[in-house]
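# Structural description and commentary
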Amino acid sequence: MAAVLNSPDPPLQVLHEVFGYGSFRGAQGEIVDHVAAGGDALVLMPTGGGKSLCYQVPAILRHRAGRGVTVVVSPLIALMQDQVGALDELGVPAAFLNSTLEGDEARRVERDLMSGKLVLLYAAPERILTPRFLAMMESLSERGLLSLFAIDEAHCVSQWGHDFREEYLGLSALHERFPQVPRLALTATADDHTRADIVERLQLGEARLFVASFDRPNIRYAIVEKDEPRKQLLRFLRDEHEGDAGIVYCQSRKKVEETATWLSAEGIPALPYHAGLDADVRRRHQDRFLREEGLVMVATIAFGMGIDKPDVRFVAHLDLPKNIEAYYQETGRAGRDGLPADAWMAYGLADVVNQRRMIDEGEAGEDFKRLQRSKLDALLALAEAHDCRRVRLLAYFGEASEPCGNCDNCLVPPATWDATEAARKALSCIYRFHQQGGLRFGAGHLLDVLRGKATDKVAQYGHAKLSTFGIGADISEAQWRGVLRQLIALGHLRAEGEYGTLELTPTAREVLRGEVQLLLRVPAEAPRRGRIARAAKPGREKAPPLPLDDEATARFAALKAWRAEVAREHNLPAYVVFHDATLAEMARALPATLDDLAGISGVGAKKLEAYGREILRVLESGG
Ligand code: ADP
Ligand code: ZN
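Source: prediction; values computed, not measured.

### Observations regarding the layout of surface pockets
Regions of empty space are outlined by a rolling probe, equal in size to a water molecule, passed over the atoms. Computed from the structure, the second largest pocket encloses a volume of approximately 1,300 Å³. For the lining of the second largest pocket, the elements supplying multiple residues, two or more each, are helix H4 (51-64), helix H5 (77-89), helix H27 (574-577) and helix H28 (580-589).

Encoded structure:
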């Protein structure tokens with residue numbers, strides 16, 4: 001220990017010794033220095049960016065310096081156990097206090113806390129604010145053993161955000177009662193409103209703000225037009241994610257159930273998760289997703305906050321999320337381990353119409369609705385984009401960047417067509433409807449008229465006589481839908497009510513006058529994915545994360561089998577023992593000694609001591 005404190009760079013020492021990692025990622029190092037020295041901080045970092053280390057390393061350093069315990073506020077009871085389990089594996093004394101503990105267990109944790117032995121204590125805000133817990137902290141504080149408050153998911157304090165939690169409002173009491181204890185608030189939600197709320201409500205006006213890059217370079221973004229979405233999803237899963245763990249988001253509970261059942265019938269192991277399921281069922285499904293390999297979770301947005309499973313290889317959206325923040329947070333659950341992962345979404349005109357309707361019919365006030373609409377528009381613009389998705393995503397979060405080379409549009413630049421004329425035709429057709437007694441229609445009928453189809457409805461309203469009847473017969477239905485989506489996305493057209501009837505907005509005039517040039521992506525007819533697919537994977541067995549030769553692949557499999565046993569014994573998810581990437585690197589590098597093994601990323605001192613010899617034996621026996 002003394003050696004660590006005396007070393008020129010204690011944070012790096014701890015990172016290496018305890019976590020087995022070679023270097024800090026991005027802003028982590030700076031944040032750790034600032035917080036370890038007792039500064040307050042607000043950290044904005046994308047999901048999967050590595051927030052935990054920002055408080056865990058300072059917690060360890062400060063504990064070693066005799067400053068006592070770091071109290072971590074987290075809203076997610078379900079995950080405290082695994083986080084503490086992971087720290088346990090790393091040899092860091094940690095515990096959690098929540099309603100799942102029996103009386104004696106809770107008393108044991110409290111004893112450990114009061115003795116100053118714990119480095120980290122996790123608890124939910126409602127627990128922390130009880131008189132009993134406040135009194136314990138008071139006593140620790142008097143003895144100089146209350147080191148740091150880490151407030152995770154800090155956006156829960158904001159009503160603007162999507163996860164507002166009443167109990168978070170009470171956390172300002174921490175600063176009032178313990179003004180000398182430094183605080184670190186962390187969140188992945190970055191919009192200005194939420195940020196300002198966090199600063200105000202947690203009284204972090206003096207705190208240093210750290211805004212990490214929001215880029216998640218290992219995630220490949222792809223957005224496809226809906227065209228038999230089930231088939232598209234199946235192709236995506238079979239071609240690119242055989243045997244992988246992933247999340248499929250759907251909007252409604254019913255669709256979640258149906259999709260999970262259907263995937264299972266297709267031989268893809270899938271579980272449903274939504275707020276309408278029994279708490280017990282939900283817990284069981286979440287647990288299986290975390291602990292088993294290769295499960296697909298089909299879920300509403302009720303699932304996911306705090307899911308820190310590192311090897312989620314894809315996040316698929318079968319329905320449009322609410323806005324870019326939600327999309328980014330949901331897709332950010334993929335690839336926390338830094339290995340390649342996919343964010344895939346299928347969306348169509350009906351999604352746009354639905355989302356509009358949900359906003360229009362919501363209970364919120366007009367101001368809030370306007371904000372929601374503008375956020376939806378930004379998401380639509382992303383979906384319709386024919387340039388780099390990542391550049392647009394990052395720009396949304398205020399970050400400038402260059403085309404990424406790792407999104408669908410960069411990999412296979414979509415062909416574009418000039419839709420200026422078509423857009424004028426569509427708008428003038430809607431205008432004609434309107435002239436005819438103020439009638440409004442949905443997209444289906446509009447397209448029938450434009451394409452000159454003699455349907456019953458066309459006959460009923462005499463629309464075959466309109467000058468716009470059949471003027472767009474040369475343009476495919478898919479292209480027309482693109483035109484309408486784009487017009488809605490750009491705000492020239494509004495879809496209203498249950499049937500999504502279309503109405504011109506004031507700016508439609510500019511399009512009608514030909515002042516707005518529309519360049520649209522040509523809808524992909526054939527499956528484009530195949531062309532950018534990664535190397536095919538053999539069978540259902542999950543492929544190793546690095547390309548390995550046959551012998552190394554056998555060693556990787558043997559290491560995984562060994563890991564599964566350890567995880568079972570310790571009642572922990574396998575990734576808590578070692579990440580796939582760490583096992584793969586062991587299989588590839590074939591370390592012969594404990595020293596060699598210690599050089600592999602993810603192997604800290606405690607794990608080396610606990611498992612080193614066994615691993616060398618597994619490697620020697622060759623799998
Ligand atoms: P967040 O809470 O920001 O979503 P986590 O703290 O869960 O992200 O970190 C995501 C993953 O990245 C974890 O599996 C963690 O072990 C890993 N990680 C974080 N920092 C580093 C680092 N400096 N080097 C290697 N791996 C890291
Ligand atoms: Zn790109």
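There is more to say, and it comes next.
### Digging into the coordination of the zinc ion (ligand 2)
Taken together, the protein donors to the zinc ion (ligand 2) comprise Cys388 (SG), Cys404 (SG), Cys407 (SG) and Cys410 (SG), at separations of 2.3 to 2.4 Å. Angles of 101 to 118° at the metal separate the 4 donor atoms of the zinc ion (ligand 2), which places the site in the tetrahedral class. Binding-site remark: the zinc ion (ligand 2) is held by donors from one chain whose sequence spacing is C-x15-C-x2-C-x2-C. Owing to a relative accessible area of 26%, Cys404 belongs among the partly exposed residues under this scheme. Relative accessible area serves as the criterion here: at 0%, Cys407 is assigned to the buried category.

### Topic: the sheet that holds strand S10 (residues 270-273)
The strand order across the open sheet formed by 6 strands is S8-S13-S12-S9-S11-S10, and the pairing between neighbours is parallel. The open sheet has two edge strands, strand S8 (219-225) and S10, and neither has a second partner. The average undirected angle you get between the axes of adjacent strands in this sheet is 15°. Pairing of strand S9 (residues 245-249) with strand S11 (residues 296-299) involves 4 bridges; the strand directions are parallel.

### Some thoughts on the site of ligand 1
With respect to spatial proximity, 15 residues lie near ligand 1, and among them Tyr21, Gly48, Lys51, Ser52 and Arg336 are the closest. Take Arg25: an N or O atom from its side chain is 3.1 Å from an oxygen atom of ligand 1. Here an oxygen atom of ligand 1 sits 2.6 Å away from a polar atom, N or O, in the side chain of Ser52. Surface burial for ligand 1 is 84%, taken as the share of its 560 Å² of free accessible area covered by protein chains. The cavity that encloses ligand 1 is the second largest pocket. The leading source of residues in the shell around ligand 1 is H4, at 3 residues.

### A word on the packing of aromatic side chains
This model, assessed by the stated rule, comprises 16 aromatic pairs. Consider the rings of Phe433 and Phe441, whose centres lie 4.9 Å apart with planes at 70°: the pair is edge-to-face. Ring centres of Phe578 and Tyr611 lie 6.0 Å apart, and the angle between their planes is 65°; this geometry places the pair in the edge-to-face category. Placement of the pair is Phe578 in the loop between H27 and H28 and Tyr611 in helix H30 (residues 605-620), with a sequence separation of 33 residues. For the residue pair Phe578 and Tyr611, the accessibility class agrees, reading buried in each case. The rings of Phe214, Tyr221, Tyr327, Tyr328, Tyr396 and Phe397 are connected pair by pair, giving a single aromatic cluster.

### Some thoughts on the packing of helix H16 (residues 349-361) against helix H17 (residues 366-384)
Between H16 and H17, the least distance of the axes is 10 Å, while the angle of their chain directions is 165°. Our classification of the angle between H16 and H17 gives roughly antiparallel. Note that H16 runs across H17; the crossing there is right-handed. Side by side, H16 and H17 meet where Val352, Gln355, Arg356, Ile359 and Asp360 of the first sit next to Lys369, Gln372, Arg373, Leu376, Asp377 and Leu380 of the second. Considered class by class, the residues forming the contact of H16 with H17 number 4 nonpolar, 2 polar and 5 charged.

### Comments concerning the sheet that holds strand S6 (residues 183-187)
Strands sit in the order S3-S4-S2-S5-S6-S1-S7 across an open sheet of 7 strands; the sheet is parallel. Unpaired on one side and paired on the other, strand S3 (94-97) and strand S7 (208-211) mark the two borders of the sheet. Neighbour-to-neighbour, the strand axes of this sheet turn through a mean angle of 20°, independent of strand direction. Where strand S2 (residues 69-73) meets strand S4 (residues 120-123), 4 bridges bridge the pair, whose relative direction is parallel. Across the sheet, residue Thr70 finds its bridge partner in S4, namely Leu120. Docked against the sheet, helix H6 (residues 103-115) engages S2, S3 and S4, running at close to 130° with respect to S3.

### With respect to the pairing of S11
Here S11 shows a buried face lined by Val296 and Val298 and a second buried face lined by Met297 and Ala299. When S10 meets S11, the two strands line up parallel, connected through 4 bridges. Paired with Pro272 across the strands is Val298, a residue of S11. Note that the unit made of S10, helix H14 (residues 279-291) and S11 has a crossover that is right-handed.

### Some details on H16
Between its first and last C-alpha atoms H16 spans 18 Å; for 13 residues at 1.5 Å apiece the expected length is 18 Å, and the two agree. Taken as a whole, H16 has its buried residues at Leu349, Asp351, Val352, Val353, Gln355, Arg356 and Ile359. Each element contacted by the buried residues of H16 is listed here: strand S13 (341-347), H17, helix H21 (443-450), helix H23 (477-489) and strand S15 (493-496).

### Description of the side chain of Glu330
Mapped onto the fold, Glu330 is located in helix H15 (residues 324-331). Buried and without a salt bridge, Glu330 has Arg333 as its closest oppositely charged side chain, separated by 5.3 Å. Every residue in contact with Glu330, bar those within four places of it in the chain, is listed here: Tyr249, Ile301, Val315, His317 and Pro321.

### A closer look at the pairing of S15
Walk down a regular strand and you will see the side chains alternate between the two sheet faces. Only one face of S15 is covered, namely the one carrying Leu493 and Ala495; the face carrying Arg494 and Glu496 has none of its residues buried. By the bridge criterion, 4 bridges tie S15 to strand S16 (residues 501-504) in an arrangement that is antiparallel. Its bridge partner lying in S16, Glu496 is registered against Thr501. Connecting S15 to the next strand, S16, in antiparallel fashion are 4 residues, including Gly497 with a positive phi near 70°.

### Quick notes on H30
Compared with the 22 Å implied by 1.5 Å per residue over 16 residues, the 21 Å span of H30 between its first and last C-alpha is a close match. Here H30 has its buried residues at Lys607, Leu608, Tyr611, Gly612, Ile615, Leu616, Val618 and Leu619. In this structure, the buried side of H30 is in contact with H5, helix H26 (550-570), H27, H28 and helix H29 (594-598).

### Focus: the side chain of His155
In this structure, His155 sits in the loop between strand S5 (146-151) and helix H9 (166-169). For His155, a relative accessible area of 0% translates into the label buried. Among the polar contacts listed, one links the side chain of His155 to the side chain of Thr187, at a separation of 2.9 Å. Not counting chain neighbours up to four residues away, the residues in contact with His155 comprise Asp163, Thr187, Thr189, Thr194, Ile198, Met305 and Gln329.

Parameters at a glance
Residues numbered from 1 in each chain as written. Chains lettered and ligands numbered in written order. Predicted model: local features only at pLDDT ≥ 70, side-chain atom pairs only at ≥ 80, totals over all residues. Heavy atoms only, no water. 1 Å grid on protein atoms, 1.4 Å probe; cavity = no way out; pocket = protein on both sides within 12 Å on 5 of 7 lines; lining within 4 Å. Points joined across faces, edges and corners; volume = space filled by probe spheres on them. Helix = DSSP H or I, 4+ residues; strand = E, 2+ residues; numbered from the N terminus. Donors = N, O, S within 2.8 Å, 3.2 Å for Na, K, Ca; no water. Tetrahedral: all angles 85-135°; square planar, octahedral: opposite > 155°, others 65-115°. Buried < 20%, exposed > 50% of the residue type's maximum accessible area, 1.4 Å probe, protein only. Pairing = 2+ DSSP bridges. Axes fitted to C-alpha atoms, helices over the stretch in contact; angles between N-to-C directions. Near = heavy atom within 4 Å. Polar contact = N/O pair within 3.5 Å; in protein donor to acceptor, adjacent residues only side chain to side chain. Areas by Shrake-Rupley, 256 points an atom, 1.4 Å probe, with all protein chains shown as cover. Sits in = over half its atoms within 2 Å of the grid points. Phe/Tyr/Trp six-rings, centres within 6.5 Å; stacked < 30°, edge-to-face > 60°. Parallel < 35°, antiparallel > 145°, perpendicular 65-115°, else oblique. Left-handed = near helix turned anticlockwise from the far one by under 90°. Contact = heavy atoms within 4.5 Å. Nonpolar A, V, L, I, M, F, W, Y, C, P; charged D, E, K, R; others polar. Right-handed = clockwise from strand over helix to strand, strands pointing away. Expected span 1.5 Å × (residues − 1). Lys, Arg positive; Asp, Glu negative; His and termini not counted. Salt bridge = Lys/Arg side-chain N within 4 Å of Asp/Glu carboxyl O.

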